[in-house]
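Single-letter residue listing:
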Amino acid sequence: NKTNLEEALKWSERSIAVEERFENLMTKSRILRHQERTDESAAARDRAMEIGNASQVYIYGRQLQRDKKKAEAIAIYREVARRFPEHWLGHLSKARVAVADGDFDVAMKELVAALAGAPETQKAPLEGLKKRIESKEDING
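Quantities reported herein were computed from a predicted structural model and do not represent experimental measurements.

A. The arrangement of the nonpolar core in detail. The biggest cluster of nonpolar side chains holds 35 residues, and the ones touching the most others in it are Leu92, Leu126 and Ile133. Counting only elements with at least two residues in this core, the list comes to helix H2 (22-34), helix H3 (38-51), helix H4 (54-66), helix H5 (70-83), helix H6 (88-100), helix H7 (104-117) and helix H8 (120-134). Setting aside chain neighbours within four positions, we find Leu92 in contact with Tyr58, Leu111, Ala114, Leu126 and Leu129.

This is the structure:
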């Protein structure tokens, strides 16, 4: 809510001291960003990215995308693809990057690989993305 940021920062730091996790580091990063402490915010975000799993980092990219920060989202997808190349989210990230680069053939290949490894609950949404890629539509918009 962007209120009482000093107390929020103390609570986030206390949480990190108990157990450093992606979520509490990202919370700290957001608080510091709202306090206009850019370098410290970036350091907390970078640490979160370093310890985050494929799902956490990918979902962060999706959040950036929803916030209309497409270039930042694509950079996160590149990171997911680099760190988790064989994970289904790594393949999905490669597909998103390929679409951003205008390479729909590679995007389709990577989406098919993502579909092969994805949990059943994710297959229907991925099929929807597959159709969009077949139509050469930007799936990152």
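B. How the structure looks around unusual backbone geometry. Here Glu36, not a glycine, exhibits a phi torsion of approximately 60°, which is positive. For Glu36, the location among the structural elements is in the loop between H2 and H3. Positive phi is not limited to glycine here, since Lys68 has a value of about 65°. Note on placement: Lys68 falls in the loop between H4 and H5.

C. Up close: the environment of Gly128. By the element assignment, Gly128 lies in helix H8. Here the alpha-carbon distance between Gly128 and Val18, two residues 110 residues apart in the chain, equals 41 Å.

D. Main features of the packing of H2 against H3. Between H2 and H3, the least distance of the axes is 8 Å, while the angle of their chain directions is 160°. In this view, H2 runs roughly antiparallel relative to H3, as classed from their interaxial angle. Considering only the axes of H2 and H3, their crossing is left-handed. When H2 is examined against H3, the residues Phe22, Leu25, Met26, Lys28, Ser29, Leu32 and Arg33 are found in contact with a partner set consisting of Glu40, Ser41, Ala44, Arg45, Arg47, Ala48, Met49 and Ile51.

E. Broad picture of H6. Taking 1.5 Å as the rise per residue, H6 with 13 residues should run 18 Å; its terminal C-alpha atoms sit 18 Å apart, in good agreement. Counting buried positions along H6 yields 11 of 13 residues, so the element is predominantly enclosed. Residues Trp88, Leu89, Gly90, His91, Leu92, Ser93, Ala95, Arg96, Val97, Ala98 and Val99 constitute the buried set of H6. Downstream of H6 by one or two residues, Gly102 has phi in the positive range, about 80°.

F. Geometry of the environment of Leu9. Looking at where Leu9 falls in the secondary structure, it is placed in helix H1 (residues 5-18). The class for Leu9 is buried, based on a relative accessible area of 4%. Considered as a pair, Leu9 and Lys131 are 122 residues apart in the sequence and their alpha carbons are 44 Å apart. The contact partners of Leu9, leaving out residues within four places of it in the chain, are Lys28, Ile31, Leu32, Gln35 and Arg37.

Thresholds applied
- Residues numbered from 1 in each chain as written.
- Predicted model: local features only at pLDDT ≥ 70, side-chain atom pairs only at ≥ 80, totals over all residues.
- Heavy atoms only, no water.
- Core = buried A, V, L, I, M, F, W, Y, C linked by side-chain atoms within 4.5 Å.
- Buried < 20%, exposed > 50% of the residue type's maximum accessible area, 1.4 Å probe, protein only.
- Helix = DSSP H or I, 4+ residues; strand = E, 2+ residues; numbered from the N terminus.
- Contact = heavy atoms within 4.5 Å.
- Axes fitted to C-alpha atoms, helices over the stretch in contact; angles between N-to-C directions.
- Parallel < 35°, antiparallel > 145°, perpendicular 65-115°, else oblique.
- Left-handed = near helix turned anticlockwise from the far one by under 90°.
- Expected span 1.5 Å × (residues − 1).

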